[in-house]
Amino acid sequence: MKTYTALLLIATAWTANAADLSKPIETLRAVKKEGEGNEAAAKAWGEIVKADPASLPEVLKGMNGANPLAENWLRTAVGVLADEALKAKKLPVPALVTFLKDTKNSPGARVVAFDLIHRADEKLAEELTPTLLEDPSSDLRRHPVAKLIEAGDAALEKKDNAAAIVAFGKGLGGARDEDQIKVLAKKLRDLGQKVDLPKHFGFLMSWKMIAPFSNADRAGFDTVYPPEKELKFDAVYEGKGKEAKWVDFTSTDEYGKIDFNKPFGMEKSVVGYAATDFFSTEDRAAEIRIGCKDGWKIWLNGELLFARDEYHRGAKLDQYKMPCQLKKGKNTILVKCCQNEQTEQWTVEWEFQLRVCDATGTAILAAK
């Protein structure tokens, strides 16, 4: 870490040489949809890309809180300015390191800063990589996790299973992206280790479920059925062609899929509900993340968080991320999941997966 420490000592000197680009940066940040502000932004962009390379951290900082269009303008300006700086060997690496280490800066801008550091000084980037394993940015975590996978594989080649288990286990602890988690889980299991993926992700596995209510003509999405008014788990309601009763369901799927077809059968043109309680140790900010290919709504403590009236467009992990506020103690989550009338094989899924985590994707585990 000697190189890193020495560079930090001169970062302030580099930053002092930067020109004041506050006005052109604000012009880029003012860009809006439908091309509003583009003409002024083009002029401002031209001014930024001709600036002294020492201004790069200031331009990166302009990405903090910028709308997607403005962020794109700023990102391309950073790219042009950095390319010229690299050719002239004037990239302000110490200031970029300082920017990277400040986690108050936006994840996207910090990823760009790390990539620039890597282009300028690969050895320094290697020194910084282990410090990113617990970073708030899941994108930045990918680098140390990848290195730990490499280290584990190297240990396996030396027949050192114990060292491999340590490396893979550490990598899994830091991994937040599904592809790396799958790789690490398999490697650990191949070495005889137990891996609890539902716990790692924070999937909610046990629910009270009720169905089927009618979704004829897809009207069920907006129809307010009894579970939206009250959660009485001993109640029985008139359903679609049969009584609708609450049942207990615990998923055994590693990725937390809550499958209505299992307790209720292959129904079509129907609506189902799932409810569960999540106990938090404190009042805190959180995210509820859901993956679902059906029409759905979700409530937290009686408040509608989000709704999506679409069908069979695919589902994936963390498809929708909903910031929320957990209260200390019991928090009730209610999911409405709608099936439409289509009967093709690829439309039979009537399910969702849901997890509770923080903004980094780190699981928040229930108190009980």
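Once a new chain begins, its residue numbering starts again from 1 and follows that chain's sequence as written. Confidence filtering applies because this is a predicted model: local features only for residues at pLDDT of at least 70, side-chain atom pairs given and counted only at 80 or more, and all residues used for totals across whole chains, interfaces and linings. Hydrogens and water are ignored here; the side-chain numbers use all heavy atoms of the structure.

Draft legend 1. The arrangement of the overall build of the protein in detail. Numbering goes from the N terminus for both helices and strands, where a helix is a DSSP run of H or I of at least four residues and a strand is a run of E of at least two. When helices and strands are tallied, the protein shows 14 helices and eleven strands. The principal-axis extents of the C-alpha atoms in the protein amount to approximately 75 × 60 × 40 Å. To sort residues, take the accessible area from a 1.4 Å probe on protein chains only and compare it with the maximum for the residue type: under 20% means buried, over 50% means exposed, and anything in between is partly exposed. Across the 368 residues of the protein, 46% fall into the buried class. At a minimum sequence separation of 6, the contacts of the protein that also span at least 24 residues come to 74%. We call two residues in contact whenever any of their non-hydrogen atoms come within 4.5 Å of each other.

Draft legend 2. Spatial organisation of the packing of helix α10 (residues 138-157) against helix α12 (residues 178-190). As a packed pair, α10 and α12 sit with axes 11 Å apart at the nearest point and diverge in direction by 25 degrees. It follows from the interaxial angle that α10 and α12 lie roughly parallel. In this structure, the crossing between α10 and α12 has a hand that is left-handed. Two secondary-structure elements touch here, α10 through Arg142, Val145, Ala146, Ile149 and Asp153 and α12 through Asp179, Gln180, Val183, Leu184 and Lys187. Residue composition of the contact of α10 with α12, grouped by class: five nonpolar, one polar and four charged. Helix axes are fitted only over the stretch in contact, all axes being lines through C-alpha atoms; the angle between N-to-C directions runs from 0 to 180 degrees. Working rule for angles: under 35 degrees goes down as roughly parallel, over 145 as roughly antiparallel, 65 to 115 as roughly perpendicular, anything else as oblique. Working rule for handedness: look at the near helix, and if it is turned counterclockwise from the far one by less than a right angle, call the crossing left-handed; if clockwise, right-handed. Residues are grouped as follows: Ala, Val, Leu, Ile, Met, Phe, Trp, Tyr, Cys and Pro are nonpolar; Asp, Glu, Lys and Arg are charged; all remaining types, including Gly, are polar.

Draft legend 3. Looking closely at the nonpolar core. Judged by nonpolar contacts, the single largest core of 39 residues is most densely connected at Leu60 and Leu91. If you list the elements that add at least two residues to this core, you get α3 (22-29), α4 (38-49), α5 (56-61), α6 (68-87), α7 (93-101), α8 (107-120) and α9 (122-128). Nine residue types can take part in a nonpolar core, namely buried Ala, Val, Leu, Ile, Met, Phe, Trp, Tyr and Cys, and a core is a set of them joined through side-chain atoms within 4.5 Å. Core analysis: the second largest hydrophobic core is formed by 30 residues, Phe264, Ala274, Leu326 and Ile364 among them.

Draft legend 4. Quick look at helix α11 (residues 161-174). Working rule for helices: expected span equals 1.5 Å times residues minus one. End to end, α11 covers 20 Å across 14 residues, agreeing with the expected 20 Å (1.5 Å per residue, within 8%). The complete set of buried residues in α11 reads Ala164, Ala167, Phe168, Gly171, Leu172 and Gly174. Taken down its axis, α11 places every buried residue within 165 degrees of arc, on the same side. Exposed residues lying more than 90 degrees from the buried face of α11 are Ala162, Val166 and Lys170. Turning to α11, the residues buried within the fold contact α10, α12 and α13 (197-201). Starting at the helix axis, one direction is taken to each C-beta atom, and the arc is that of these directions.

Draft legend 5. Structural detail: the packing of aromatic side chains. Two rings from Phe, Tyr or Trp (for Trp, the six-membered ring) form a pair when their centres are within 6.5 Å of each other. A pair whose planes differ by under 30 degrees is stacked, one over 60 is edge-to-face, and the rest are tilted. Applying the stated criterion across every chain yields a total of 14 aromatic pairs. With a centroid separation of 6.4 Å and an interplanar angle of 65 degrees, the aromatic rings of phenylalanine 203 and tyrosine 255 are classed as edge-to-face. Note that phenylalanine 203 is positioned in the loop between α13 and β1 (206-214) and tyrosine 255 in the loop between β3 (243-250) and β4 (257-259), a separation of 52 residues in sequence. Given the relative accessible area of 7%, phenylalanine 203 is considered buried. For tyrosine 255, a relative accessible area of 16% puts it in the buried group. A ring pair is formed by tryptophan 207 and phenylalanine 352, whose centres lie 5.2 Å apart and whose planes are at 90 degrees; its orientation type is edge-to-face. Of the two residues, tryptophan 207 is situated in strand β1 and phenylalanine 352 in strand β11 (residues 351-357); the sequence distance between them amounts to 145 residues. A residue is classified by how much of its surface remains accessible, and tryptophan 207, at 3% relative accessible area, is buried. Members of the aromatic cluster, each reached through a chain of ring pairs, are Trp207, Phe260, Phe264, Trp350 and Phe352. Each ring is checked for a lysine NZ or an arginine CZ that lies within 6 Å of its centre and within 35 degrees of its normal; such an atom marks a charge sitting over the ring. Here the guanidinium or amino end of lysine 182 rests over the ring plane of tyrosine 255, the centre of that ring lying 5.5 Å away. When the ring centre of phenylalanine 221 is taken as origin, the NZ or CZ atom of lysine 297, which lies over that ring, is 4.7 Å away.

Draft legend 6. The arrangement of the sheet that holds β11 in detail. Pairing between strands is defined by DSSP: at least two bridges between them are needed. Spatial ordering of the open sheet is given by β4-β11-β6-β9, a layout of four strands whose pairing is antiparallel. Both outer strands of the open sheet, β4 and β9 (320-326), are each paired with one neighbouring strand and no more. For this sheet, the mean angle separating the axes of adjacent strands, direction not counted, is 30 degrees. In this sheet, β11 lies alongside β4 in antiparallel orientation, the contact comprising three bridges. Bridged to isoleucine 258 within β11 is phenylalanine 352.

Draft legend 7. Highlighting the packing of α11 against α12. Contact pair α11 / α12: the axes reach a minimum separation of 9 Å and the direction vectors enclose 150 degrees. Compared by their axis directions, α11 and α12 come out roughly antiparallel. For the pair α11 and α12, the sense of crossing is left-handed. Contact residues: Ile165, Phe168, Gly169, Gly171 and Leu172 in α11; Ile181, Leu184, Lys187 and Leu188 in α12. Here the residues of the contact of α11 with α12 are counted per class, giving six nonpolar, two polar and one charged.

Draft legend 8. Geometry of the sheet that holds β3. Here seven strands make up an open sheet; going across it, the order is β2-β3-β1-β5-β10-β7-β8 and the pairing antiparallel. If you trace the sheet from one side to the other, it starts and ends with β2 (236-238) and β8 (303-308), each paired once. On average, each strand axis in the sheet is inclined to that of its neighbour by 25 degrees, with strand direction left out of account.

Draft legend 9. Molecular detail of the side chain of histidine 312. Within the secondary structure, histidine 312 sits in the loop between β8 and β9. Residue class for histidine 312 comes out buried when judged on its relative accessible area of 10%. Each polar contact in these results corresponds to two N or O atoms within 3.5 Å; when the atoms are within protein, one needs to be able to donate a hydrogen and the other to accept it, and residues that are neighboring in sequence are counted only if both atoms are side-chain atoms. Of note is the side chain of histidine 312, whose polar atom sits 3.1 Å from the side chain of asparagine 340. When sequence neighbours within four positions are dropped, the list of residues in contact with histidine 312 reads Lys268, Lys293, Asp294, Gln339, Asn340, Gln342, Trp346, Thr347 and Glu349.

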